[in-house]
Amino acid sequence: MEELHTDQSVLPRLRFTDISVRFGGLTALDAVSFAVPPGAVVGIIGPNGAGKTTLFNVVCGFTAPAAGALELDGKPFRPLPRLLTRHGVARTLQGLGLFPGLTVLDNVMLGLEGTATHTMAEDALLLPRSRRGEVRLREGALQAMDELGIVTYAAALPDTLPYGIRKKAALARALAGSPRLLLLDEPAGGLAQDDIDELAEIIRRVPATGCSVVLVEHHVDLVMSVCERIAVLDFGKLIAEGTPAAVSANQAVTDAYLGVEPV
Ligand SMILES: Nc1ncnc2c1ncn2[C@@H]1O[C@H](COP(=O)(O)OP(=O)(O)OP(=O)(O)O)[C@@H](O)[C@H]1O
């Protein structure tokens, strides 16, 4: 199997080492090891139930691995969901995950909450430090929305907007905190081709900010067009890893997609 990052002198942004996850008798991930280089877009593909979302849940601390280790920028990483923003990790969900009762702006501001420097007590008392913090969150959120071309929808409630705009709002919320690792869980789901093309452009721009992207996606054309490396899971095992060209030519990958059981 090809090594995912070729320059051994560069510390990977994220490294999985022998990560295993079991749900009762089911092995959802079986000793999965690979690395995500800094500033790279890496795809994770595989048939339904292969373990892709479980891998994301491990990085977010929602699922504890039975074995194995994670490293973020070369340091042991034991993620806690409530501290993810502080770790510089952001994630979009398979659905939208937007709060229907909040405006788009308020939803995007939530992506910056973990970076707030003011305390809840200061918020409650409406102290100047709290107001300054609020202004900073607001400006950060508006900037993230502006970069995705959705600032005009700031005051709208999500349910009143087309699906493509709502998807961008979810993406803006993830990008607002300037993450160093962005996890995208099926971002193309439910989008029309024009929106997918635009999404591809947005994803390609992210590494310029120094952020690595990990993309779980069933839309294989999108993965092939934006990822420099791809990891393929099947029944919880990493069966291939490499460039899009190498992965497309891999017989084990073709078999997995055709439903041939691994030996
Ligand atoms: N909380 C859970 N409890 C029990 N089994 C689970 C749980 N979460 C996932 N699984 C099982 O683990 C396996 C991997 O699931 P996972 O959702 O990670 O796959 P996936 O590759 O993301 O699939 P899909 O492409 O359909 O989203 C599946 O067999 C699934 O049924």
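None of the values given here were measured: they were computed from a predicted structure.

**Regarding the overall build of the chain**
Stage number 1. Each helix and strand counted, the chain has 10 helices and 10 strands in total.
Stage number 2. Looking at the chain residue by residue over its 263 residues, the buried ones come to 39%.
Stage number 3. Expressed as a percentage of contacts within the chain between residues at least 6 apart in sequence, the contacts between residues at least 24 apart total 68%.

**A short note on the sheet that holds strand 5 (residues 75-76)**
Stage number 1. Taking strand neighbours across the sheet as the criterion, the 4 strands line up as 2-1-4-5 in an open arrangement whose pairing is antiparallel. Edge positions in the sheet fall to strand 2 (26-36) and strand 5, since each of these pairs with one other strand and no more.
Stage number 2. As defined by bridge partners, strand 4 (residues 67-72) adjoins strand 5 across 2 bridges and the pair is classed as antiparallel. Counterpart to L72 in the pairing with strand 5 is K75.

**Thoughts on the domain arrangement of the chain**
Stage number 1. Taken as a whole, the chain is organised into domain 1 (1-88 + 180-263) and domain 2 (94-178).
Stage number 2. Facing 12 residues of domain 1, the contacting portion of domain 2 comprises 12 residues.
Stage number 3. Where the side of domain 1 that touches domain 2 is concerned, the elements lending two or more residues are helix 2 (84-87), strand 7 (181-185) and helix 7 (193-205).
Stage number 4. When its residues are assigned to classes, the side of domain 1 that touches domain 2 shows 4 nonpolar, 4 polar and 4 charged.

**Things to note about the nonpolar core**
Stage number 1. Counting residues in hydrophobic clusters, the biggest one holds 69 residues, and the most contacted among them are V108, A141, A172, L182, V213, L215 and V232.
Stage number 2. Per element, the largest residue contribution to this core is 7 residues, and it comes from helix 6 (residues 163-176).
Stage number 3. Two domains share this core, each providing at least three of its residues, namely domain 1 (1-88 + 180-263) and domain 2 (94-178).
Stage number 4. Not counting residues within four places of it along the chain, the set of residues in contact with A141 comprises L105, V108, M109, L112 and A176.

**Regarding the site of the ligand**
Stage number 1. Near the ligand, the surroundings consist of F23, L26, A28, G46, N48, G49, A50, G51, K52, T53 and T54.
Stage number 2. In terms of residues, the shell around the ligand owes the most to one element, helix 1 (residues 52-60), which gives 3 residues.
Stage number 3. In terms of residue class, the shell around the ligand is made up of 4 nonpolar, 6 polar and 1 charged.

**Some remarks on the pairing of strand 3 (residues 41-45)**
Stage number 1. Extensive coverage of strand 3 is indicated by the burial of 5 of its 5 residues.
Stage number 2. On strand 3, burial covers both faces: V41, G43 and I45 on one face and V42 and I44 on the other are all buried.

**What to know about the pairing of strand 1 (residues 14-23)**
Stage number 1. Of the strand pairs in this sheet, strand 1 and strand 2 are connected by 7 bridges, and their pairing is antiparallel. When the sheet's bridge partners are listed, R22 is paired in strand 2 with T27.
Stage number 2. Between the antiparallel neighbours strand 1 and strand 2 lie 2 residues, among them G24 with a positive phi of about 60°.
Stage number 3. Judged from the 5 bridges that link them, strand 1 and strand 4 form a sheet pairing that is antiparallel. Residue pairing in the sheet places R15 in a bridge with E71 of strand 4.

**Things to note about helix 6**
Stage number 1. Over its 14 residues, helix 6 runs 20 Å from end to end, which matches the ideal 20 Å to within 8%, given 1.5 Å per residue.
Stage number 2. Counting buried positions along helix 6 gives 11 out of 14 residues, so the element sits mostly inside the fold.
Stage number 3. Residues of helix 6 that are buried: R166, K167, K168, A169, A170, L171, A172, R173, A174, L175 and A176.
Stage number 4. Immediately beyond the C-terminal end of helix 6, within one or two residues, lies S178, with a positive phi of roughly 45°.

**Considering the environment of E228**
Stage number 1. Mapped onto the fold, E228 is located in the loop between helix 8 (220-226) and strand 9 (229-234).
Stage number 2. Taking the C-beta count within 10 Å as the criterion, E228 has 14 such neighbours and is therefore assigned partly exposed.
Stage number 3. When the C-alpha atoms of E228 and P244 are compared, they prove to be 6.8 Å apart, with 16 residues separating the residues in sequence.
Stage number 4. Setting aside residues up to four positions removed in sequence, E228 forms contacts with A40 and V41.

Reading the values: rules and limits
Residues numbered from 1 in each chain as written. Predicted model: local features only at pLDDT ≥ 70, side-chain atom pairs only at ≥ 80, totals over all residues. Helix = DSSP H or I, 4+ residues; strand = E, 2+ residues; numbered from the N terminus. Buried ≥ 20, exposed ≤ 12 C-beta atoms within 10 Å, placed from the backbone. Contact = placed C-beta atoms within 7 Å. Pairing = 2+ DSSP bridges. Domains from an automatic or database assignment. Nonpolar A, V, L, I, M, F, W, Y, C, P; charged D, E, K, R; others polar. Core = buried A, V, L, I, M, F, W, Y, C linked by C-beta atoms within 7 Å. Near = placed C-beta within 6 Å. Expected span 1.5 Å × (residues − 1).

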